[in-house]
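Given next are the chains, with one letter for each unit.
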Amino acid sequence: MLTLHGFDVSNYFNMIKLALAYKDVEYTKNTVYPNQSSDFLRLSPMGKVPALETHQGTLCETNVILEYLEETFPLPALYPAEPFAKSKVKELVKMCELYLELPARRCHPEVFFGQVVSDATKKEVKRALYKGMEGLARTAKFSPYIAGSEFSAADIMFLYSADLASVVAKKCFDFDLLALAPGAHELMALLTENPHVQKIAEERKAGNIAFKEYIASLS
Ligand SMILES: N[C@@H](CCC(=O)N[C@@H](CS)C(=O)NCC(=O)O)C(=O)O
């Protein structure tokens, strides 16, 4: 049986939860916050979540875990079989992470944790988010899914990256990030209707109380 380490408020953790739910794979959840304890670093070399424990050892990095799940539990598929189409999905996964998730994350301390992020950082993030979403718009299909007619791993990465990045864009810069990519709002609405996504959102809400207590305990 697989064990998924992480916590319900984490967007990366929720990407894996959604893939597991979509593929109807049973697993045990171990709630753990990112940390640098030697025990956890043995599981997750950077002390980050998610980490997926398998009978062969533990895997980290969300895109790698998504690909492992695809190879281990091929159906229903999260990647097309045809090599070029599969690589296009991987390209979208990577673009969402590199150009939406990671820049937006630099403003998370201010948006989600009441800290202050410098104006210089915010200027860089704003520019990066515009560039990222405009770049995504050039290659994404949004017809209705991000890579075309089929739901894929790229939709999972888009869902949980673009939602937080949109909150950052709105709160820090007062602009509508999804509006930069025609079809992105519609896709977000479609994905949000999915019963697995809704269940994960409820669990995220429920996990927020414990997460806030954990954050408070750090200061
Ligand atoms: N590149 C990692 C990023 C995972 C990540 O940043 N997870 C956050 C929680 S949402 C975390 O563990 N943060 C703690 C840290 O960065 O030390 C992945 O793809 O899984």
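Computed from a predicted model, the values in this text were never measured in an experiment. (Residues numbered from 1 in each chain as written. Predicted model: local features only at pLDDT ≥ 70, side-chain atom pairs only at ≥ 80, totals over all residues.)

K.L.:
What exactly am I supposed to notice about the overall build of the chain here?
P.N.:
Counting its regular elements, the chain contains nine helices and four strands. Listing every helix and strand of the chain by position from the N terminus yields β-α-β-α-β-β-α-α-α-α-α-α-α. Against the 2.2 N^0.38 benchmark of 17 Å for 219 residues, the chain shows a C-alpha radius of gyration of 17 Å, consistent with a compact globule. Put simply, the chain has 219 residues, and 35% of those count as buried. Sequence separation of at least 24 residues holds for 69% of the intrachain contacts in the chain that already meet a minimum separation of 6. (Helix = DSSP H or I, 4+ residues; strand = E, 2+ residues; numbered from the N terminus. Rg over C-alpha atoms; globule rule 2.2 N^0.38 Å. Buried ≥ 20, exposed ≤ 12 C-beta atoms within 10 Å, placed from the backbone. Contact = placed C-beta atoms within 7 Å.)

K.L.:
I would appreciate a short explanation of the packing of helix H1 (residues 11-22) against helix H3 (residues 62-72) in the present structure.
P.N.:
Relative placement of two packed helices is described by the angle separating their axes and the distance separating the axes. The interhelical angle for the contact between H1 and H3, taken along N-to-C directions, is 10°, at an axis separation of 10 Å. Comparing the axis directions of H1 and H3 gives the class roughly parallel. For the pair H1 and H3, the contacting residues are Tyr-12, Met-15, Ile-16, Ala-19 and Leu-20 in the first and Thr-62, Ile-65, Leu-66 and Leu-69 in the second. Of the residues that constitute the contact of H1 with H3, the class distribution is eight nonpolar, one polar and no charged. (Axes fitted to C-alpha atoms, helices over the stretch in contact; angles between N-to-C directions. Parallel < 35°, antiparallel > 145°, perpendicular 65-115°, else oblique. Nonpolar A, V, L, I, M, F, W, Y, C, P; charged D, E, K, R; others polar.)

K.L.:
Before we go on, may I ask you to explain unusual backbone geometry in this structure?
P.N.:
The phi torsion of most residues other than glycine is negative, and most of the peptide bonds are trans. Here the amide bond leading from Val-49 into Pro-50 is cis, since omega sits at 10°, within 30 degrees of zero. Its place among the elements puts Pro-50 in the loop between helix H2 (38-43) and strand E3 (51-54). The linkage connecting Ser-143 with the following residue, Pro-144, adopts the cis geometry, with an omega of -10°. Within the secondary structure layout, Pro-144 lies in the loop between helix H6 (119-139) and helix H7 (153-173). Even without being glycine, Asp-24 reaches a positive phi, approximately 55°. The topology assignment puts Asp-24 in the loop between H1 and strand E2 (27-31). On the neighbour-count criterion, Asp-24 (10 C-beta atoms within 10 Å) is exposed. Its identity is not glycine, yet Asp-174 carries a phi of approximately 55°, on the positive side. Residue placement: Asp-174 occurs in the loop between H7 and helix H8 (184-193).

K.L.:
Explain the domain arrangement of the chain to me, please; I cannot follow it from the model alone.
P.N.:
A common way to express how large an interface is: the accessible area buried when the components associate. According to the domain assignment, the chain contains domain 1 (2-76) and domain 2 (83-195). In this assembly, seven residues from domain 1 lie in contact with eight residues from domain 2. Among the elements that take part in the side of domain 1 that touches domain 2, H1 stands out by supplying five residues, more than any other. (Domains from an automatic or database assignment.)

K.L.:
So what exactly am I meant to see when it comes to the nonpolar core here?
P.N.:
Across soluble globular proteins, nonpolar side chains have a tendency to be buried as a group. Counting residues in hydrophobic clusters, the biggest one holds 58 residues, and the most contacted among them are Ala-19, Leu-92, Cys-96, Ala-153, Ala-154, Met-157 and Ala-162. Among the elements that take part in this core, H7 stands out by supplying eleven residues, more than any other. The residues that make up this core include at least three from each of domain 1 (2-76) and domain 2 (83-195). Beyond its immediate sequence surroundings of up to four residues, Ala-153 is in contact with Leu-66, Leu-78, Tyr-79, Val-89 and Val-93. (Core = buried A, V, L, I, M, F, W, Y, C linked by C-beta atoms within 7 Å.)

K.L.:
Quick question: what am I supposed to make of the site of the ligand here?
P.N.:
Around the ligand, the neighbouring residues are Ser-10, Asn-11, Tyr-12, Pro-34, Gly-47, Lys-48, Val-49, Pro-50, Glu-61 and Thr-62. For the shell around the ligand, the per-class residue count stands at four nonpolar, four polar and two charged. (Near = placed C-beta within 6 Å.)

K.L.:
In this structure, what is going on with the sheet that holds E3? I would like to understand it.
P.N.:
Backbone hydrogen bonds are what pair the strands of a sheet, in a parallel or an antiparallel way. On the basis of which strands lie adjacent, the open sheet formed by four strands has the order E2-E1-E3-E4 and mixed pairing. Among the strands making up the open sheet, the edge pair consists of E2 and strand E4 (57-60). Across the sheet, the mean angle from the axis of one strand to that of its neighbour is 25°, orientation sign disregarded. As defined by bridge partners, E3 adjoins E4 across four bridges and the pair is classed as antiparallel. From the neighbouring strand, Glu-53 faces E4, where its bridge partner is Thr-58. (Pairing = 2+ DSSP bridges.)

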